[in-house]
Structure formats: C-alpha cells, structure tokens
Amino acid sequence: MTTADGHIAATEHDDGTVARRQVFYIPGYDPFPPRRYRELYRKEGRAQAALSGYSLAVTGQPGAGGSGWTVIAGIEAADVTTDIEVLVWSDIVQATMGHGILATYAQMLRTAWTYIGSGAIFRLARLRKGPTLAALYPVLALAMGFLAAAALGLLAGRIAGRVVPVSGFMQTAAGLAVGLLVGWTVLLALRRADGHLYAYYLMHDYAYAASHLGATPPALDARLRQFARRIAAALSGTADEVLVVGHSSGAHLGVQVLAEVIRGGHVRAGGAELSFLSLGHVVPMVSFLPRAADLRRDLAYLSARGDLTWVDVTAPGDGCAFALCDPVAVTGVAPDGQRWPLVLSAAFTRTLSPALWRRLRWRFFRLHFQYLCAFDALPDRSDVYDYFRVTAGPLTLARRFGGRAPSASRIVRPLSGYRTVSPDPIPDPDHLAGAAA
C-alpha cells in the first residue's frame, strides 16, 4: 500500500523477499505469437545481465507452446526462480486485422467519428500530444494514401484516354478502367508496405478499442475471465509473489482482470503477494470513451486496494504512451482514498546511453517496447526500473520501490468528459470456481 505522502509501504503479509515468483504478461494489441516475447526476454535479459553484473538464464517450459518460460537468476546476492506466462489474446487480434482495404477505410471513418464526435480526441490532446498524434497518424496516412491513389489513377486515366485508339464512350471507359487499376494498385502497394508504415496496424488497433465505444468486446471479455481464473489459481500456489505485467493496451486489460481477481476474494493474508506493473499505458484511449464505465469502475476500485501493489512506468520519450499520466486521476475517477498507481518514469534520456538514445529516438514503435528491453546506462541502485530485476530479482514490487516518491512530473488533472462508472457487480462465488483446477 502507499502512505499519505505517496510512498509505498509493504503489505502486512509480505516480508519483501522472493525465492519463487509467477509472472503473467499481458501484451498489447499484438498479432504475434507469445514465443516472440520469450525470445525478446532471453535476448534482452542476457544483455542486461552482462551490463549489470548478475546472472540470468532462460529455459523453455515443456508443453507451454512458447507461451511460458522459466528464469533462473542470481541477482542481488540471491537465487530466484521465476515462471513467466504470456496470457494470450493474439488470436483475437488476428481476427480483427483480417479486413480488406475498403473495410479498413470504413473502420477509419467510424473510428474518427467515435473520437471526434465524443470529444475524446480533444481531451486526449490536452493530456499528451504524442499518443494523440500517434492516434491521428493512421487516419492521416490512410487519407493521404487514398488521395495519392486517386491522383495517380486520375492522371493515368487521362493519359490512357488520350492514347487509346478509340473515341467516344469507349475512350472514356478505357480511361476509367486504367485509372481504377492504377489507383487500386497504389492502395495495394501501400497495404503491402504496412510492415514499415504501420498505418493499417494502428488503424485496426484504435478501431478495436473504439468498436464498442470503450466497452469490452464480448470475445475479449470472455478471454479476460479466463485470465482471471489463471491468476487466481497461481495465488493459491507456491509462489511468493504473483506479478502481473500489462504493456500498452495490456495495462487496462490488467486493471480489469485484477479487479475481478480481487473481488473474487483470491488474495489471502499469508498467501502470495499480488503485484501489478503497468508499462507504457494507453488507458485514456479507452477510459475517455462514453461506454467505458466498467473500466472506469475497475480503475477506481483497484486504485484504493490495500491487497496489491501497483506501479506504473512510462517515459516522456515514448511517444506512443500517455507518459507520467496517472490513469485513474486523469480519467476523473480517483477516490478519496486513492493509493495507486505509483507513477514512475523510465527516464530514457538518463537510463539509455547517448549513443543508444540517438539510435532509438525516432524509432517510435521500438521505443514503445523499451520497457521490456535492456538499459545500458542504469544507475547501480535497486530501486531504479530494470525489467529483469523486477521480474526475476529477489524483491517484491512493494519492497523494490519502497520509499520511492511518485514522479514530480506526473499528470493528475481530470480531463475525461465521461466519468460514470458501472455499479459494483454482485459477487458470484461460482464465477472463479475451479480456478485452481
């Protein structure tokens, strides 16, 4: 829990040390399989260990299908075993990305209207310019692509109409056919280049978040309930700490999942310590929408709980995140007894060497994943953010950041135009029944 001045105090059933930890990682809107995160952890963990002088070895888990791995680490004069599991929803993401070119343009219009018509985009812009521009980027990129295709198609049609050896209607038809063919070819080329442009990818991302005006889509809601059951089972296991990590869109999913776990009564005195680490969050992109009442309720609920530790890490250098924005406060649902999150900065300009910062500064998508990567200029302090010390080291989240004050630059001004919350759900003792099965 936090004290009145915003510092962390250890919860009553935690001595602050960990010999065995269970980590659940919730990705953002990502169509790639979980083994990508395993290999990222292996590569970057090896790099950070070499830089910081500790040992860290990653092994696969038989039968996990790449969604889980085990970490054996020797950090801060202690040996720790950590099991990490990716909570997979990439199949849902893939299903939402199968739209053709015309369907994506229809998505663009609907999504733009959702954010403009609700007024959310203007409030988001007052919060942080970076992620707001990131949200506008796919709209502008797709619109410019359409205009370029139309201009080139029109030009090609006019040229064809003049050189085709026919006249009258046939000349007009030939020009139109050539123009449409050229225009469509341009759109196809831009679609195929999206691995570099990210316009379609980001459009699908924002469209999915806005598809139900902020309410959780049914398929995702069902998956989050599965996640809650898995975490509840781990809390009754042998781990000293159960740590949930939510990155990007995974941060607000983590809020919803953990609120359900706690409401179900699965955090018990004397049991595993429950911790939540949110990284590079984009919570306002959803919580500022009209029908996000469930998320707003869960933000308020989680922020006042004494039975977990919630640390939020962002960085002003990450243009895709709402850096240093307290997601509860800016949404306008902070209760009088707010304890969480503790808002900290990863401070890329100080934790990355000048050379690495120069290489990454304009690679916005890569920087959004820096929280999961090695930092080559970390101060030698245990309370500085290091993803691998947090996930594989011998201290709980509460103990590691105990005594840390929130960032002096954090933003707490309520800016959401929608602050209604859903009523607290009626407890259902059977809802998470069988979680340990």
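These numbers come from a predicted model, not from an experiment.

Scanning the protein chain from N- to C-terminus turns up 18 helices and 8 strands. For the protein chain, the C-alpha radius of gyration of 24 Å lies close to 22 Å, the compact-globule estimate for 437 residues. Judged by the C-alpha coordinates and their principal axes, the protein chain covers about 90 × 50 × 45 Å. Out of the 437 residues in the protein chain, the part that is buried amounts to 54%. For the protein chain, the proportion of contacts with a sequence separation of at least 24, taken over those separated by at least 6, is 78%. Of the roughly 18800 Å² that the protein chain leaves accessible, carbon and sulfur atoms contribute 60%. When the 42 positive and 33 negative side-chain charges of the protein chain are each reduced to one mean point, those points stand 11 Å apart.

Turning to the packing of helix 3 (residues 101–117) against helix 8 (residues 199–210), a few remarks are in order. Viewed as axis vectors pointing N to C, helix 3 and helix 8 meet at an angle of 50°, and their least axial separation amounts to 9 Å. It follows that helix 3 is oblique to helix 8 by the angle criterion. Between helix 3 and helix 8 lies a crossing of left-handed hand. Of the residues in helix 8, those touching helix 3 at I101, T104, Y105, Q107, M108, T111, T114 and Y115 are Y200, M203, H204, Y206, A207, A209 and A210.

As enumerated under the stated definition, the model contains 18 aromatic pairs in all. Ring pairing ties together the aromatic residues Y29, W89, Y201, Y208, F365 and F369, which thus form one cluster. Positioned above the aromatic ring of F369 is the side chain of R36, whose terminal nitrogen or guanidinium carbon lies 5.6 Å from the ring centre.

The next subject is the sheet that holds strand 7 (residues 309–314). Taken in spatial order, the 8 strands line up as 2-3-4-1-5-6-7-8 in an open sheet, and their pairing is mixed. Two strands lie at the open edges of the sheet, namely strand 2 (55–60) and strand 8 (342–345), each paired on one side alone. Taken over all neighbouring pairs, the strand axes of this sheet differ in orientation by 20° on average, direction set aside. Bridging between strand 2 and strand 3 (residues 68–75) involves 6 bridges; their strand directions are antiparallel. Directly across from L56, in strand 3, lies its bridge partner A73.

On the surface, a nonpolar cluster with roughly 420 Å² of combined accessible area is contributed by L133, L136, L140 and M144. The class for L136 is partly exposed, based on a relative accessible area of 34%.

Judged by nonpolar contacts, the single largest core of 63 residues is most densely connected at W89, Y115, I231, V242 and L302. Sequence-distant contacts of L302, defined by excluding residues within four places in its chain, comprise V255, L258, A259, I262, F276, L308, W310 and W340. Grouped together as the second largest cluster of nonpolar side chains are 42 residues, L279, F348, L356 and F375 included.

In terms of residue burial, strand 5 (residues 241–247) counts as a mostly covered element, since 7 of its 7 residues are buried. Neither face of strand 5 is left uncovered, since the one carrying E241, L243, V245 and H247 and the one carrying V242, V244 and G246 both have all their residues buried. As defined by bridge partners, strand 1 (residues 20–26) adjoins strand 5 across 6 bridges and the pair is classed as parallel. Paired with Y25 across the two strands is V245, which belongs to strand 5. Sheet topology places strand 5 next to strand 6 (residues 273–279); 7 bridges connect them, and they run parallel. Across the sheet, the residue bridging to H247 is L279, located in strand 6. The parallel pair strand 5 and strand 6, bridged by helix 10 (residues 249–263), forms a crossover whose chirality is right-handed.

Across the protein chain, the average pLDDT comes to 89, with 92% of residues at 70 or higher. Below a pLDDT of 50 lies the segment residues 1–14, which in the model reaches 43 contacts outside its immediate sequence neighbourhood of four places, other chains included. Confidence over residues 433–437 falls short of pLDDT 50; this stretch has 5 contacts with residues more than four positions distant or in other chains.

Now for unusual backbone geometry. Residue P341 follows W340 across a cis peptide bond; omega there is -5°. Tracing the backbone through its elements, the reader meets P341 in the loop between helix 13 (327–331) and strand 8. Here L213, not a glycine, exhibits a phi torsion of approximately 55°, which is positive. Within the secondary structure, L213 sits in the loop between helix 8 and helix 9 (218–235). Phi angles above zero are rare outside glycine, and L324 is one such case at about 60°.

Turning our eyes to something else, we now look at the environment of G74. Looking at the element boundaries, G74 is found in strand 3. Once the C-alpha coordinates of G74 and L140 are considered, the two residues, 66 residues apart in sequence, prove to be 48 Å apart. What G74 contacts, discounting residues up to four positions off in sequence, is Y54, S55 and D79.

Within the secondary structure layout, T391 lies in helix 17 (residues 387–392). By relative accessible area, which is 0% here, T391 ends up buried. Polar side-chain contacts of T391 include one of 2.7 Å to the backbone oxygen of Y387.

Let's shift gears to the pattern of salt bridges. Enumeration according to the criterion identifies 16 salt bridges in this entry. Linking R223 and D91 is a salt bridge whose minimum nitrogen-to-oxygen distance equals 2.9 Å. Linking R223 in helix 9 with D91 in helix 2 (residues 90–96), this pair joins segments that are 132 residues apart in sequence. The salt bridge partner of R263 is D298, with a shortest N-O separation of 2.8 Å. Taken together, the residues R263 in helix 10 and D298 in helix 12 (residues 293–303) connect sequence positions 35 residues apart.

Calculation notes
- Residues numbered from 1 in each chain as written.
- Predicted model: local features only at pLDDT ≥ 70, side-chain atom pairs only at ≥ 80, totals over all residues.
- Heavy atoms only, no water.
- Helix = DSSP H or I, 4+ residues; strand = E, 2+ residues; numbered from the N terminus.
- Rg over C-alpha atoms; globule rule 2.2 N^0.38 Å.
- Buried < 20%, exposed > 50% of the residue type's maximum accessible area, 1.4 Å probe, protein only.
- Contact = heavy atoms within 4.5 Å.
- Areas by Shrake-Rupley, 256 points an atom, 1.4 Å probe, with all protein chains shown as cover.
- Lys, Arg positive; Asp, Glu negative; His and termini not counted.
- Charge placed at Lys NZ, Arg CZ, Asp CG, Glu CD.
- Axes fitted to C-alpha atoms, helices over the stretch in contact; angles between N-to-C directions.
- Parallel < 35°, antiparallel > 145°, perpendicular 65-115°, else oblique.
- Left-handed = near helix turned anticlockwise from the far one by under 90°.
- Phe/Tyr/Trp six-rings, centres within 6.5 Å; stacked < 30°, edge-to-face > 60°.
- Lys NZ or Arg CZ within 6 Å of the ring centre and 35° of its normal.
- Pairing = 2+ DSSP bridges.
- Patch = residues over 30% accessible without salt bridge, like charges linked within 9 Å, V, L, I, M, F, W, Y side chains within 5 Å.
- Salt bridge = Lys/Arg side-chain N within 4 Å of Asp/Glu carboxyl O.
- Core = buried A, V, L, I, M, F, W, Y, C linked by side-chain atoms within 4.5 Å.
- Right-handed = clockwise from strand over helix to strand, strands pointing away.
- pLDDT = per-residue confidence, 0-100.
- Polar contact = N/O pair within 3.5 Å; in protein donor to acceptor, adjacent residues only side chain to side chain.

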